Amino acid sequence: MSAQATRSSLSANKEFLRSFPGVVRLLQLATGAAVWISIASSNFNNTVRFALFVFVFFWLVTLLFYFITLLDKQDLVPLLGGERWLLTNLIYDALATALHIAATAIVIVTIDNHSYCDIPNYRGACYYKTYVVASVFACLCCLFYVSTTVWFSVKKCKGNKSVI
């Protein structure tokens, strides 16, 4: 009987999977991974290290938030969980939005720094297209973080206490 109780306690919250924040969290994870994988595959310089840190850090924390909410275990998070989980998500997404905008700006500036690849007979490694792809996905990732920030703030203003 305890094995059955353990199985039911680890079941996925299907309502969260179909909800707006659940779908957008998956999109944040997909676009965030696309950004940091494309940046990490290039020969990035010191200016892009901050952007890479932002995208990897927030990707990992978003993954953690996604699984905590998916498994309905927000009550187990000390100080931030339970009834404060919506506010925690709101503050997290607002911070993620601000830092993603700064990191995206860095990636976009890096595109201009790598535009010399268009010179005929250039023989060095060209990461121009890599940074263009990274900046497109970074802009999409910012858009997804803005959308969840707005979603959670509207829910908080309405007095809701649940993320869904």
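About the criteria used
Residues numbered from 1 in each chain as written. Predicted model: local features only at pLDDT ≥ 70, side-chain atom pairs only at ≥ 80, totals over all residues. Heavy atoms only, no water. Helix = DSSP H or I, 4+ residues; strand = E, 2+ residues; numbered from the N terminus. Buried < 20%, exposed > 50% of the residue type's maximum accessible area, 1.4 Å probe, protein only. Contact = heavy atoms within 4.5 Å. UniProt positions renumbered as here; feature names shortened; annotations may be inferred. Patch = residues over 30% accessible without salt bridge, like charges linked within 9 Å, V, L, I, M, F, W, Y side chains within 5 Å. Areas by Shrake-Rupley, 256 points an atom, 1.4 Å probe, with all protein chains shown as cover. Salt bridge = Lys/Arg side-chain N within 4 Å of Asp/Glu carboxyl O. Phe/Tyr/Trp six-rings, centres within 6.5 Å; stacked < 30°, edge-to-face > 60°. Axes fitted to C-alpha atoms, helices over the stretch in contact; angles between N-to-C directions. Parallel < 35°, antiparallel > 145°, perpendicular 65-115°, else oblique. Left-handed = near helix turned anticlockwise from the far one by under 90°. Nonpolar A, V, L, I, M, F, W, Y, C, P; charged D, E, K, R; others polar.

Draft legend 1. Structural view of the overall build of the protein. Of the regular secondary structure elements, the protein holds six helices and zero strands. Ordered by position from N to C terminus, the α and β elements of the protein give α-α-α-α-α-α. Of all 164 residues assigned to the protein, the portion counted as buried reaches 37%. Put simply, of all contacts in the protein between residues at least 6 apart along the chain, 78% involve residues at least 24 apart.

Draft legend 2. Layout of the UniProt feature "transmembrane region" (unreviewed entry) in the protein. When the UniProt feature table is mapped to this numbering, "transmembrane region" (unreviewed entry) covers residues 50-69, 90-111 and 131-154. In residues 90-111, helix accounts for 100% and strand for 0%; the two terminal C-alpha atoms are 31 Å from one another.

Draft legend 3. Inspection of a nonpolar patch on the surface at higher detail. Taken together, the side chains of F50, F53 and F57 make up a nonpolar region of the molecular surface, amounting to roughly 300 Å² of accessible area. Looking at where F57 falls in the secondary structure, it is placed in helix α4 (residues 46-70).

Draft legend 4. Focus on unusual backbone geometry. Although it is not a glycine, D72 sits at a positive phi angle of roughly 55 degrees. Within the secondary structure, D72 is located in the loop between α4 and α5 (85-113). Of note, the phi angle at L79 is positive, near 65 degrees, even though the residue is not glycine. Among the structural elements, L79 can be located in the loop between α4 and α5.

Draft legend 5. Main features of the packing of aromatic side chains. Within this structure, the stated rule accounts for nine aromatic pairs. Through a chain of ring-to-ring contacts, the aromatic side chains of F53, F57, F58, F65, W85 and Y92 assemble into a single cluster.

Draft legend 6. Structural view of the pattern of salt bridges. According to the stated counting rule, one finds one salt bridge in the structure shown. For R25, the salt bridge is made with D93, and the minimal N-O distance between the two is 2.9 Å. Linking R25 in helix α3 (residues 20-40) with D93 in helix α5, this pair joins segments that are 68 residues apart in sequence. D93 shares its class with R25; the two are buried.

Draft legend 7. Up close: the packing of α3 against helix α6 (residues 128-157). Remark: α3 packs on α6, axes separated minimally by 8 Å, with the N-to-C direction vectors making an angle of 155 degrees. In terms of axis orientation, α3 runs roughly antiparallel to α6. In the crossing of α3 with α6, the sense of the turn from one axis to the other is left-handed. Between α3 and α6, the contacting residues are F20, P21, V24, R25, L27, Q28, T31, G32, A34, V35, S38 and I39 on the first element and T130, A134, F137, A138, L140, C141, F144, Y145, S147, T148, W151 and F152 on the second. The residue inventory of the contact of α3 with α6, partitioned by class, reads 16 nonpolar, seven polar and one charged.

Draft legend 8. Just the environment of A33, in detail. Structurally, A33 is set in helix α3. According to the relative accessible area criterion, A33 is buried, its value standing at 15%. Between the C-alpha atoms of A33 and L60, which are 27 residues apart in sequence, the distance is 9.6 Å.

Draft legend 9. Just the environment of F44, in detail. Mapped onto the fold, F44 is located in the loop between α3 and α4. With relative accessibility at 24%, the residue F44 sits in the partly exposed group. Each C-alpha atom, one on F44 and one on Y127, is 8.8 Å from the other, the two residues being 83 residues apart in sequence.

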